[in-house]
Structure formats: C-alpha cells, structure tokens
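# Structural overview
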Amino acid sequence: MLILSGPAASGKSTIAFELWKLLPYEPAHIDLDALKHSIFVAKYSERHLDLTRKNGVALLKNYLGGGHGVIVSKAFCRYRYVRPFIMAAERQGAFVYYFKLAASLEELLRRNKIRQHYIPEWKVEAIYREAEVFKHPQGIEIDTEKLSVSEIAEHIRQTVLRRST
C-alpha cells in the first residue's frame, strides 16, 4: 500500500496516476477527496471527514483482500489520520509506504490556478498552513518542485521495489 499525502496541488493525483501505470500489481487508487465528495453536499467537516476515512479503510481492506495493491491519496495533515490506514494494511500483511509530497505555498497556488479541479485560494492556503503546523517525522518527504512527475513516480517505484524484496 502506498500513501500519498500533501497539500492541495502538491501532485497527489497526478503522481498516483503515474504510479498506477508503472506498478505491476494492478493497484487501486482511493482518492479520499473524491470519496468525500460522493456525498454531494459534503462540507469540510469532521463528520464528513470521519465517514470518508472509515469508508476509505473499508475499501482498502477490500482491495488488499482481493489481491490488489492500493494507492491512498489525501491531504493528511495529521499523522493520526494516516495511522488507521497503515494499521489496516499491516493487519492484512501488506507492506506500507508513506510519502509526503511538499511544495512551497507559491508553487501550490500557481498549480491550483491551472489544474482541472480548481479550489479557492484560501482553502489551498489553509491546508498548507495546517500541514505546516502538524508536521510530523513519519513518512518519506518528497519536494515536488525539484523533480518531475515521472522522476517522482520512478523514485517511489524504486523505493517500493527495494523495500519489498
């Protein structure tokens, strides 16, 4: 299982798509933001986020149980939100790789303006600031301003291949 975490516009979905094409074990991609929006009027509330996380963990278990690898993506600002996914995957015997994608606020705002799913600038800033406040040492940090999408995907692929052999 791979976890891709990072602020809005850090490259989570783009990198997940590249990994989806590169990885050999038919990975499923659980985009928790998309899952949250399966409730049409879902707001950025603790209730909706908790329900999304529970549904995400259930999907994770189903895909792993079906023999698929899984890529989970979300702006997990706090490690306590990542932990249930890690524990569920480890209980099923899966290797877990946690990557934190980072970029400067200026770069995130620039990317947000040109991406397909534009979100208000204040929200990009709020997620960025929350990630900064709740920085934690767990996971492997990747600066997405320094490498191309294909270089990041290849770096992650190589990390997975090295650790799982």
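Let us look at the structure shown here.

Criteria and cut-off values
Sequence order sets the numbering: in each chain, residues are counted from 1 along the sequence as written. Only residues with pLDDT of at least 70 are given local features in this predicted model, and only at 80 or more are side-chain atom pairs given and counted; all residues enter the totals for whole chains, interfaces and linings. Side-chain calculation: all heavy atoms of the structure are included, whereas hydrogens and water are not. Residue burial is assigned from relative accessible area. The probe radius is 1.4 Å, only protein chains are included, and a residue is buried under 20% of its type maximum, exposed over 50%, and partly exposed in between. Numbering of helices and strands starts at the N terminus; helices are DSSP runs of H or I of at least 4 residues and strands are runs of E of at least 2. Note: the arc covers the axis-to-C-beta directions of the helix. Note on contacts: a residue pair is in contact if any heavy atoms of the two residues lie within 4.5 Å. Centre distance within 6.5 Å is the pairing criterion for rings of Phe, Tyr and Trp, where only the six-membered ring of Trp is used; planes under 30 degrees apart are then read as stacked, over 60 as edge-to-face, and the remainder as tilted. For cavity detection a 1 Å grid was placed over the protein atoms alone, and a set of points counts as a cavity when a 1.4 Å probe fits there but cannot get out; an open set counts as a pocket when protein lies on both sides within 12 Å along at least five of seven lines, with lining residues being those that have an atom within 4 Å of a point. Grid points are joined across faces, edges and corners, and a volume is the space filled by probe spheres set on the points. Strands were regarded as paired on the criterion that DSSP finds at least two bridges between them. Interaxial angles span 0 to 180 degrees and are taken between N-to-C directions of axes, which are lines fitted to C-alpha atoms, for helices over the stretch in contact.

Turning next to helix 1 (residues 12-22). Along helix 1, the residues that are buried comprise Lys12, Ile15, Ala16 and Leu19. Projected onto a plane normal to the axis of helix 1, the buried residues spread over an arc of 105° and lie on a single side. Of the surrounding secondary structure, the elements contacted by the buried residues of helix 1 are strand 1 (2-5), strand 2 (28-31), strand 3 (70-74), strand 4 (97-102) and helix 7 (149-163).

As a further point, take the packing of aromatic side chains. The full count for this structure, using the stated rule, is three aromatic pairs. Where Phe17 meets Trp20, the ring centres are 5.7 Å apart and the plane angle is 40°; that geometry is what we call tilted. With a gap of three residues between them, Phe17 and Trp20 both fall in helix 1, about one helical turn apart. For Trp20, a relative accessible area of 46% puts it in the partly exposed group. For the pair Tyr79 and Tyr98, a centre-to-centre distance of 6.2 Å together with 40° between the ring planes defines the contact as tilted. Of this pair, Tyr79 sits in helix 4 (residues 79-91) while Tyr98 sits in strand 4, and the two are 19 residues apart along the sequence.

Looking now at the layout of surface pockets. Taken as a whole, the largest pocket holds about 870 Å³ of empty space. Secondary structure elements with two or more residues in the lining of the largest pocket: helix 1, helix 2 (32-36), strand 3, helix 5 (105-114), helix 6 (121-133) and helix 7. Among the elements that make up the lining of the largest pocket, the one with the highest residue count is helix 1 (four residues).

Attention shifts here to unusual backbone geometry. A positive phi angle, near 75°, is found at Ala9, a position not held by glycine. Considering the arrangement of structural elements, one finds Ala9 in the loop between strand 1 and helix 1. Overall, the relative accessible area of 7% leaves Ala9 in the buried class.

Moving on to the sheet that holds strand 3. Taken together, five strands build an open sheet; the order of strands is 2-3-1-4-5 and the sheet is parallel. Two strands lie at the open edges of the sheet, namely strand 2 and strand 5 (140-143), each paired on one side alone. Each strand of the sheet is rotated relative to its neighbour by a mean of 20°, with strand direction disregarded. Of the pairings in the sheet, the one linking strand 1 to strand 3 comprises four bridges and is parallel in character. Bridge pairing links Leu2 to Ile71 in strand 3. Strand contacts of helix 1: strand 1, strand 2, strand 3 and strand 4, with the helix running at about 155° to strand 1, the strand carrying the most contacts.

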